[in-house]
Amino acid sequence: MAFTFTAFCYMLALLLTATLIFFAIWHIIAFDELKTDYKNPIDQCNTLNPLVLPEYLIHAFFCVMFLCAAEWLTLGLNMPLLAYHIWRYMSRPVMSGPGLYDPTTIMNADILAYCQKEGWCKLAFYLLAFFYYLYGMIYVLVSS
Amino acid sequence: MSAPAGSPHPAASAQIPPKFGGAAASGAAASADPGSAPHQQNGPAQNQMQVPSGYGLHHQNYIAPSGHYSQGPGKMTSLPLDTQCGDYYSALYTVPTQNVVTPSTANQQPGAQQMYSRGPPAPHIVGSTPGSFQGAASSASHLHTSASQPYSSFVNHYNSPAMYSANSSVASQGFPSTCGHYAMSTVSNAVYPSVSYPSLPAGDTYGQMFTSQNAPTVRPVKDNSFSGQNTAISHPSPLPPPPSQQHHQQQSLSGYNTLTWSAPGLPSTQDNLIRNHMGSLAIANNNPTVTGVDSSSTTSSASPMPNSYDALEGGSYPDMLSSSASSPAPDPTHEPDPAPAPAPASAPAPAVPQPSKMAKPFGYGYPALQPGYQNATAPLASVVQPSNPVYSGFQQYPQHYPGVNQLSSSLGGLSLQSSPQPESLRPVNLTQERNVLPMTPVWAPVPNLNADLKKLNCSPDSFRCTLTNIPQTQALLNKAKLPLGLLLHPFRDLTQLPVITSNTIVRCRSCRTYINPFVSFIDQRRWKCNLCYRVNDVPEEFMYNPLTRSYGEPHKRPEVQNSTVEFIASSDYMLRPPQPAVYLFVLDVSHNAVEAGYMTILCQSLLENLDKLPGDSRTRIGFMTFDSTIHFYNLQEGLSQPQMLIVSDIDDVFLPTPDSLLVNLYESKELIKDLLNALPNMFTNTRETHSALGPALQAAFKLMSPTGGRVSVFQTQLPSLGAGLLQSREDPNQRSSTKVVQHLGPATDFYKKLALDCSGQQTAVDLFLLSSQYSDLASLACMSKYSAGCIYYYPSFHSTHNPSQAEKLQKDLKRYLTRKIGFEAVMRIRCTKGLSMHTFHGNFFVRSTDLLSLANINPDAGFAVQLSIEESLTDTSLVCFQTALLYTSSKGERRIRVHTLCLPVVNSLADVYAGVDVQAAICLLANMAVDRSISSSLSDARDALVNAIVDSLSAYGSTVSNLQHSALMAPSSLKLFPLYVLALLKQKAFRTGTSTRLDDRVYAMCQIKSQPLVHLMKMIHPNLYRIDRLTDEGAIHVNDRIVPQPPLQKLSAEKLTREGAFLMDCGSVFYIWVGKGCDNNFIENVLGYPNFASIPQKMTHLPELDTLSSERARSFITWLRDSRPLSPVLHIVKDESPAKAEFFQHLIEDRTEAAFSYYEFLLHVQQQIYTQSGYGFA
């Protein structure tokens, strides 16, 4: 039972994933509000856009941590999402500020549905990842 | 599940009325029901709507909600009514005919009218009152004509079913039938006596009206039905046309209907009424803003008013229109009839899958009934029975369309079910049919509703759906592979529009739907919303009908009688006091702009139209110019001359004197005029080549944000300084690339953000781009797209070198400056529960799922909406769509314009195909393709377009099992689909392989997004006419002018002969192509040159020559021009001149280097279908 770098990575990832879960929930709520007309898309995009990059960076950050810790399986599980984030950000609409969401197209039913689905999928992924990291952390702590 | 075409099952055969007769048949069936006897008044009521249109003042004739269309919609062959109706009648038709897209309800209207008219005659005969009719007929005054005409029509109609079928079959083949209507009229005359209608003279008149003997196809019915008001309009006689019109007009609102019948016999009554009308009219004139004329005694009032701009905004009515302004007048004949007052249970709800024609006891209570029904009912009831035999004659009728689930039950006794398949489902072998294009314009199909609903339905000019039969489930829609969506033209110029002033605007409490003709009244006190099905209370105020001054008849209120109405909104509908009209002009004055010389034209136009700018006494106006600096003009009242203030700090723009830059138009008029006179010459020697558009727009935004309003930006080059500067992105070598077209999207989001800011401050930005080189319209257009502005583009504009563009700018400006405008608008589109909005197309900002924010709304803006079916619609037989446009008029009034469209729901694939509105579908597809090319790529969009045909035709092929699989089959309703898609693929926006400048392409895309359907269709598929041999055959009359109606030619060089001259109408531009061997007579008499060689290369006007052929050509072109808001430019193109490429690129059926010919395209589609089905069957 030793507190290794790997165990630290898992603990950090655990905490950060908890944050990401909040991000995902926030995202889902925001799009639900859009769909039910509670919010103006301009305001909503203004609140959502600043959160996009932090989310991606947090995720990328602990991916790098796992890389350093040589946790290949965990890294492999996270690679698809990382790749998706990179692709998503590359194909964002033309905009000067950071972020992904364009208030003029966000109300398009296809995009709205896509964003909602994306939110749910991410939430599921982060939840599973959360328990996986918990397991991973305990496993590392116990086995070393 | 899918009934094969031709199935005897009623649902399967329920179709769009393929032709007139079809409508008539269903109408006949309707009136066979005793309960519907009261409908007899419908005919006239519909006519009423058309009256105003006859005035011809507005090209966009408003056809009142009930629709009435002069043309048979379903039939592509429908020929202008003019062929049969003579001088009198044609004038009326002119207006509808001008609109390419015509109202389709017409069909059924005439039908309805006729059959309804059937009723009344009988009583007359029976009651031995023929004498009065005789008198009427013989006196032959216009009044009488209007009354008696229906008889003749009735006669035609009922006695010659065989004739109809003959005609229709001919028509459907697209061949001219030369004798049809002749036979008709003969028959009518012959039959007359036997039916013993004394009004024979009317029939004679009718007979004499024919101007042409060989009308290609026959539409016998409709002329008749409209004859009533026709006379009134175009006839030169001084005798009161207004009465009859007014009379008609009145009907839907004030219960005059019976007068149609009684008038001839009782001239004195009629006079009386006329006086009433006139009286109230005068009030309306005096006090135009008080729309409820007799508001003195009421809390609410309503009156139909002509919607000429002035009238609406409170100006005085033009004289001509005045007669169409009807207002509530006491109805002497009305008082006695409440006897058959509404039975308590009066719910023929649209939502209730019950035939809307009620059994007699309920008939009175039907909310959709015209007010006047009750008058007629009593006498008519006895007639109904006798008339039944006549209806049975319709069994032979080739097409009839029993309502989806509704009519069939009620028609059971009439054995109408066993009819052959409807025309719109007739399979057409596309590869073999050489002439798919009809000779006459294609009209919108009429939704397959029962007669009452049809009559009330919204005009297809304002509101169209791609599928007039809505599929029950998304699965069925997916199976049909057709786009489902709405095409809207909500702020169209209307000639007549009921305007309602009321303290409480009645709306559904849960979904906020405005009360409309398709709601059902459960009893007197409650109504059921047709969108969410909630039961609402009828407010006390609504119980009183200001038009009839009667109490307890909520279903007769104008809101419930018209599907297009306008409410004057109370302060509940305002977030702030209504804003004044504010106009700001932002002008490019760099070297490039001065060189192009647009300033002279603009200033001149402004000076001319300064007084006509829409607005009230608060109207404000301001000017800014910019090059590398920004110039403001202080026009504060009291200054001796305009003061120019220069701001050179373009990185942080500020307003030098915020209060005096936007000034009151009337207080500072002299200064403004001084400035406009000085402006064109102020910058003549400028050396400044830079353009700081971005900072200028930021300044404009600051200036406008306290009030909102309209910013008009004139730009002549790429913005090169400050925020929003752009680089040239176009590679000229890629212009004709067949692969990738890049840079269709914006380069920066500066303009989009600015537009959103502007939109938030209720400011719209209109862009006039007049440039000779690439100006990155894709980026600049964003400023208008998202602020609900409009975009005008004049490529290679130069005031002297390119006079045709200069002339176009001048004319466009005139329209732009004087057209109606609505400020701080929002538009909400609601639809029946189960349907939902998917995507919107047009210039606006989408603020929530069904709410569009429109800083400005103009009458030339069109919108499209894609729909999806979220829940199955099994528990309803009708769906409704409602758009509500809330805006501030230029007079500072808050108004709500509401359109409601009602469509049937079907559950079989065949019905879905039968109801396709191919023009609407193609316009929606074009919109979707624009989105696709921007978000994905142009080639994706092109593939999607081709797939749209392949999918829908192969889906159709698999539903119709008995077809040869080798042939490319399409239902008749879809037969133009491949042609239109090919036209789209060859349109500037989507073409590849042909050199197309990026700005031209982007502009074409912008137009597709923002044009209303009528204009967009011309852009996609131009009309080609041969004009060197115009004759008066089939001519129509407009404002005392004879307008020839040459047949449409297909867009192929095979139709061009060297001996001819052809006119191509591409919407915004006209080409006249003169063949090398063209008859010298034509060149001399029309073009004014002795021979072909002497015609100059650049010719943009037809000289006014005093020859018959010149007159005909000019009246035809003028007539075409009048039908659109922006005057098109005319180019005369000689064969052999280099300009002819411009003309030939529009011949879309021909092969080009880069694109298929129509036939090749069909083979390509067939190939694709074959490949697809190959997988399916293997």
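Residues numbered from 1 in each chain as written. Chains lettered and ligands numbered in written order. Predicted model: local features only at pLDDT ≥ 70, side-chain atom pairs only at ≥ 80, totals over all residues. Heavy atoms only, no water.

So, about the overall build of chain B. Of regular secondary structure, chain B possesses 42 helices and 35 strands. Across the 1178 residues of chain B, 69% fall into the buried class. Long-range pairs, those at least 24 residues apart, make up 79% of the contacts in chain B between residues at least 6 apart in sequence. Accessible surface computed for chain B: about 35,500 Å², of which carbon and sulfur atoms make up 53%. (Helix = DSSP H or I, 4+ residues; strand = E, 2+ residues; numbered from the N terminus. Buried < 20%, exposed > 50% of the residue type's maximum accessible area, 1.4 Å probe, protein only. Contact = heavy atoms within 4.5 Å. Areas by Shrake-Rupley, 256 points an atom, 1.4 Å probe, with all protein chains shown as cover.)

We now examine the environment of Ala 1113 of chain B. Residues and elements named next belong to chain B. Inspection of the secondary structure puts Ala 1113 in helix α40 (residues 1108-1122). Relative accessible area serves as the criterion here: at 1%, Ala 1113 is assigned to the buried category. On a C-alpha basis, the gap between Ala 1113 and Ile 1027 in space is 6.7 Å, while along the polypeptide they are 86 residues apart. Excluding anything up to four places from it in sequence, Ala 1113 contacts Leu 1030, Val 1086 and Leu 1102.

We now examine the packing of helix α34 (residues 918-935) of chain B against helix α36 (residues 977-985) of chain B. Residue and element names in this part refer to chain B. At a minimum axis separation of 10 Å, α34 and α36 run at an interaxial angle of 30°. On the basis of the axis angle, α34 is roughly parallel to α36. α36 is crossed by α34, and the crossing has right-handed handedness. Contact residues: α34 offers Val 918, Gln 919, Ile 922, Leu 925 and Ala 926, while α36 offers Phe 977, Tyr 980, Val 981 and Leu 984. By residue class, the composition of the contact of α34 with α36 is 8 nonpolar, 1 polar and no charged. (Axes fitted to C-alpha atoms, helices over the stretch in contact; angles between N-to-C directions. Parallel < 35°, antiparallel > 145°, perpendicular 65-115°, else oblique. Left-handed = near helix turned anticlockwise from the far one by under 90°. Nonpolar A, V, L, I, M, F, W, Y, C, P; charged D, E, K, R; others polar.)

As a further point, take the nonpolar core. All names here are of chain B. Core analysis: the biggest nonpolar cluster contains 182 residues, and Met 624, Phe 881, Ile 922, Phe 977 and Phe 990 have the highest contact counts within it. With 10 residues, helix α35 (residues 938-959) is the largest single contributor of residues to this core. The residues contacting Met 624, other than those within four sequence positions of it, are Leu 584, Phe 585, Val 586, Leu 587, Ile 630, His 631, Phe 632, Tyr 633, Ala 696, Ala 699, Ala 700 and Leu 703. In terms of nonpolar packing, the next biggest core, distinct from the first, is built from 41 residues, Leu 587, Phe 623, Leu 676 and Cys 790 among them. (Core = buried A, V, L, I, M, F, W, Y, C linked by side-chain atoms within 4.5 Å.)

When the UniProt feature table is mapped onto this chain, "transmembrane region" (unreviewed entry) is found at residues 7-29, 56-82 and 123-142 of chain A. Overall, residues 123-142 of chain A shows 100% helix and 0% strand. The separation of its end C-alpha atoms is 28 Å. (UniProt positions renumbered as here; feature names shortened; annotations may be inferred.)

On to the sheet that holds strand β22 (residues 835-841) of chain B, then. Through backbone hydrogen bonds, the strands of a sheet pair up, either in parallel or in antiparallel fashion. Residues and elements named next belong to chain B. Pairing is antiparallel in the open sheet, where 4 strands are placed in the order β3-β5-β25-β22. Each of the sheet's edge strands pairs with one partner strand only, and the pair in question is β3 (463-465) and β22. Neighbouring strand axes in the sheet, compared pairwise and without regard to direction, differ in orientation by 25° on average. As judged from the 3 bridges shared by β3 and strand β5 (residues 485-488), these two strands associate in the antiparallel manner. From the neighbouring strand, Phe 463 faces β5, where its bridge partner is Leu 488. (Pairing = 2+ DSSP bridges.)

Let's shift gears to helix α3 (residues 72-90) of chain A. In an α-helix, one turn spans 3.6 residues; hence positions three or four apart end up facing the same way. Residue and element names in this part refer to chain A. End to end, α3 covers 26 Å across 19 residues, agreeing with the expected 27 Å (1.5 Å per residue, within 8%). Three or more residues of α3 are buried, namely Thr 74, Leu 75, Asn 78, Leu 81, Leu 82, His 85 and Arg 88. Close packing links the buried residues of α3 with α1 (5-35), α2 (41-68) and α4 (109-143). (Expected span 1.5 Å × (residues − 1).)

What follows deals with unusual backbone geometry. Residues and elements named next belong to chain B. Phi is positive for Arg 512, which is not a glycine, with a value near 65°. If you trace the backbone, Arg 512 turns up in the loop between β6 (497-501) and β7 (520-523). According to the relative accessible area criterion, Arg 512 is partly exposed, its value standing at 38%.

Taken together, the contacts link 18 residues of chain B with 17 residues of chain A. Both faces considered, chain B and chain A share a buried interface measuring about 1,300 Å² in area, 57% of it formed by carbon and sulfur atoms. One can count 1 salt bridge joining chain B with chain A. With a shortest N-O distance of 2.4 Å, Asp 102 of chain A and Lys 752 of chain B are connected by a salt bridge. Linking chain B with chain A are 6 residue pairs in polar contact (both at pLDDT 80 or more). Elements supplying a minimum of two residues to the side of chain B that touches chain A: α29 (750-760), β22 and β23 (845-848) of chain B. Here the side of chain B that touches chain A gets 4 residues from one element, more than from any other, and that element is β23 of chain B. Classifying every residue of the side of chain B that touches chain A by side-chain character gives 7 nonpolar, 5 polar and 6 charged. (Buried area = accessible area lost by both parts, 1.4 Å probe. Salt bridge = Lys/Arg side-chain N within 4 Å of Asp/Glu carboxyl O. Polar contact = N/O pair within 3.5 Å; in protein donor to acceptor, adjacent residues only side chain to side chain.)

Together, Phe 3, Phe 5, Phe 8 and Met 11 of chain A line one region of the surface with nonpolar side chains, adding up to about 390 Å² of accessible area. If you trace the backbone, Phe 5 of chain A turns up in helix α1. (Patch = residues over 30% accessible without salt bridge, like charges linked within 9 Å, V, L, I, M, F, W, Y side chains within 5 Å.)

A few words now on the pairing of strand β18 (residues 709-715) of chain B. All names here are of chain B. Counting buried positions along β18 gives 7 out of 7 residues, so the element sits mostly inside the fold. Here strand β13 (residues 582-588) runs beside β18; their pairing, made up of 5 bridges, is parallel. Its bridge partner lying in β18, Phe 585 is registered against Ser 712. In this fold, the crossover linking β18 to strand β19 (residues 763-771) by way of α29 has right-handed handedness. (Right-handed = clockwise from strand over helix to strand, strands pointing away.)

Residue and element names in this part refer to chain B. As summarised here, the arrangement of the 5 strands in space is β32-β29-β33-β34-β35, forming an open sheet in which the pairing is mixed. In this open sheet, the two edge strands, each paired with only one partner strand, are β32 (1048-1049) and β35 (1129-1134). As paired strands, strand β34 (residues 1069-1074) and β35 are joined by 6 bridges and run parallel to one another. For Trp 1073, the partnering residue across the bridge sits in β35 and is Val 1133.

Further remarks concern the packing of α34 of chain B against helix α37 (residues 998-1010) of chain B. Residues and elements named next belong to chain B. With their axes 9 Å apart at the nearest point, α34 and α37 run at an angle of 135° to one another. Viewed along their axes, α34 and α37 adopt a mutual orientation that is oblique. For the pair α34 and α37, the crossing hand works out as left-handed. For the pair formed by α34 and α37, the contact residues are Ala 926, Asn 927, Val 930, Asp 931 and Ser 933 on the first element and Met 1005, Ile 1008 and Lys 1009 on the second. Partitioned by chemical class, the residues of the contact of α34 with α37 number 4 nonpolar, 2 polar and 2 charged.

A separate point is the packing of aromatic side chains. All names here are of chain B. Inspection of the entire model under this criterion finds 35 aromatic pairs over all chains. With centroids separated by 6.0 Å and ring planes inclined at 25°, the aromatic side chains of Phe 1116 and Trp 1119 adopt a geometry described as stacked. Separated by 3 residues within a single helix, Phe 1116 and Trp 1119 lie in helix α40, roughly one turn from each other. The pair formed by Phe 1116 and Trp 1119 is uniform in burial state, with each residue classed as buried. (Phe/Tyr/Trp six-rings, centres within 6.5 Å; stacked < 30°, edge-to-face > 60°.)

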